Amino acid sequence: MKIDFEKSNGLVPAIIQDDKTLKVLMLGYMNEEALEQTRQSGKATFFSRSKNRLWTKGETSGHFLYVKEIKVDCDHDTLLIKAEPAGPACHTGADTCWNETNTENPLDFLLNLQRTIQDRKTNPDDASYTSSLFKKGINKVAQKVGEEAVELVIEAKDDNTELFLGEAADLIYHFTVLLTAKGFELEDVIDTLKKRVK
C-alpha cells in the first residue's frame, strides 16, 4: 500500500467508516507512525494536530475503533478505514462526529444472510443445513420454497403472529437459497422490480 504522506506535510486524512453499517463515523489524520501503530494494534490511532502526538481513539473512553480493513484512495493521499466501534465515535458522546445515529439497516441482515448462504454453497459444511440443501439439488431446494410458501399462506389465515412471522422467515431463507442455487442474488430481483416501477 503506497501512501503519499509528503503531499500534506506528513499527514493524510483517515475516514473512519463502520464496517457493518457503512456509516461514516469520524475523520482523523495519520502520519506514518500512526498508521503503523494502527496496523500493529488493530485499533485506530491518529496524529493529534493540536497535541502534536499520537493518540488512539478510545484511550481514555474505552470506545476503541477496531480496524477491519484499510484502503487507500486513487491519489494515494487519503485512507478509508473500516472499523468496528466499541461505543460512540465522537468525543461529544454522539455515534458519529456529524451527530448521526449509527444503527444497522435491518435489510443489511438479508445481504449478510445471502453471503452466508453463498459461502455454504462454495465451501460445503457437513454440519450445515444450507449445505445439505445444495447437496440435494435444485429440485429439493425448489420444493422447499413451495412448501414454505404454502405454510405461510396457511398461517396468514390465522391470528398467530409468531407462527406467521416464523413461516415468513423460513420462506425468505429458502427463497434466498434457491436464488443462490440458480446463480442469482437478491440484487437481481431488486433490479427486476425497479424495471417494473412506472
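What counts and how
- Residues numbered from 1 in each chain as written.
- Predicted model: local features only at pLDDT ≥ 70, side-chain atom pairs only at ≥ 80, totals over all residues.
- Heavy atoms only, no water.
- Salt bridge = Lys/Arg side-chain N within 4 Å of Asp/Glu carboxyl O.
- Helix = DSSP H or I, 4+ residues; strand = E, 2+ residues; numbered from the N terminus.
- Buried < 20%, exposed > 50% of the residue type's maximum accessible area, 1.4 Å probe, protein only.
- Pairing = 2+ DSSP bridges.
- Disulfide = S-S within 2.5 Å.
- Core = buried A, V, L, I, M, F, W, Y, C linked by side-chain atoms within 4.5 Å.
- Contact = heavy atoms within 4.5 Å.
- Patch = residues over 30% accessible without salt bridge, like charges linked within 9 Å, V, L, I, M, F, W, Y side chains within 5 Å.
- Areas by Shrake-Rupley, 256 points an atom, 1.4 Å probe, with all protein chains shown as cover.
- Lys, Arg positive; Asp, Glu negative; His and termini not counted.
- Charge placed at Lys NZ, Arg CZ, Asp CG, Glu CD.
- Expected span 1.5 Å × (residues − 1).
- Polar contact = N/O pair within 3.5 Å; in protein donor to acceptor, adjacent residues only side chain to side chain.
- UniProt positions renumbered as here; feature names shortened; annotations may be inferred.

Per an unreviewed UniProt entry, the recorded name for the protein chain is Histidine biosynthesis bifunctional protein HisIE, and the organism is Splendidivirga corallicola.

> Help me understand the pattern of salt bridges in this model?
Two side chains of opposite charge can pair, provided their charged atoms sit close to one another. This structure, assessed with the given rule, holds six salt bridges. Here K7 ties to D77 by a salt bridge, and the two come within 3.0 Å at their closest N and O atoms. With K7 in the segment before strand 1 (12-18) and D77 in the loop between strand 5 (65-72) and strand 6 (79-85), the pair connects residues that are 70 residues apart, well separated along the chain. The exposure class of D77 is buried, given its relative accessible area of 16%. Here D119 ties to R120 by a salt bridge, and the two come within 3.4 Å at their closest N and O atoms. Judged by its relative accessible area of 35%, D119 falls in the partly exposed class. A single salt-bridge network, built from bridges that share partners, covers K144, E147 and E148.

> I tried to follow the pairing of strand 2 (residues 24-30) on my own but got confused; where do I start?
Here is the key point about a regular strand: its side chains alternate between the two faces of the sheet. Summarising the sheet, strand 1 and strand 2 pair through six bridges and their orientation is antiparallel. Its bridge partner lying in strand 2, I16 is registered against M26. Here strand 1 hands over to strand 2 after five residues, with L22 in that stretch at a positive phi of 65 degrees.

> Help me understand the state of the cysteines, please; the structure alone is not making it clear to me.
The term disulfide refers to a covalent linkage connecting the sulfur atoms of a pair of cysteines. Tallying each qualifying case throughout the model produces zero disulfides. No disulfide involves C90; its nearest neighbouring cysteine sulfur is the one of C97, lying 4.0 Å away. The exposure class assigned to C97 is partly exposed, which follows from its relative accessible area of 38%.

> Teacher, can you tell me more about the nonpolar core here?
Inside soluble globular proteins, nonpolar side chains tend to come together where they are buried. If you look at the biggest cluster of nonpolar residues, it comprises 22 residues, and the most contacted ones within it are I16, M30, L35, F46, L65, L79 and I81. Secondary-structure elements contributing two or more residues to this core are strand 1, strand 2, helix 1 (32-41), strand 3 (45-48), strand 5 and strand 6. If sequence neighbours within four positions are ignored, I81 has contacts with A14, I15, I16, Q17, M30, V67, E69 and I70. Core analysis: the next-biggest nonpolar cluster, separate from the first, contains nine residues, L113, F134, Y173 and V177 among them.

> Mind showing me how you'd approach a negative patch on the surface here?
Together, E185, E187, D188 and D191 give the surface a local cluster of negative charge. By the element assignment, D191 lies in helix 6 (residues 186-196). For D191, a relative accessible area of 37% corresponds to the partly exposed category.

> Would you mind showing me how to read helix 5 (residues 161-181) here?
Since the α-helix turns once every 3.6 residues, residues separated by three or four places project in the same direction. Helix length check: helix 5, at 21 residues, gives a terminal C-alpha distance of 30 Å against a target of 30 Å (1.5 Å per residue), a fit within 8%. Those residues of helix 5 that fall on the buried side of the exposure criterion are E167, A168, Y173, H174, T176, V177, L178, L179 and T180. Buried residues along helix 5 sit against helix 2 (108-122), helix 3 (129-136), helix 4 (138-156) and helix 6. By the N-cap criterion, in which a side-chain oxygen at the helix start approaches the backbone nitrogen of a residue two or three places on, helix 5 is capped by N160, the distance to E162 being 3.2 Å. Looking at the residues trailing helix 5, positive phi occurs at G183, about 85 degrees.

> Please explain a nonpolar patch on the surface as it appears in this structure.
Together, I15, V24, L27 and W98 line one region of the surface with nonpolar side chains, adding up to about 340 Å² of accessible area. Here L27 shows up in strand 2.

> How should the UniProt feature "domain: Phosphoribosyl-AMP cyclohydrolase" (unreviewed entry) in the protein chain be read in this particular structure?
Under the UniProt annotation, "domain: Phosphoribosyl-AMP cyclohydrolase" (unreviewed entry) lies at residues 26-98. Within residues 26-98, the helical portion is 14% and the strand portion 38%, while the C-alpha atoms at the span's ends are 8 Å from each other.

> What's the story with the side chain of K144 in this structure? I'm lost.
As for its placement among the helices and strands, K144 is situated in helix 4. Setting aside residues up to four positions removed in sequence, K144 forms contacts with Y129, L133 and H174.

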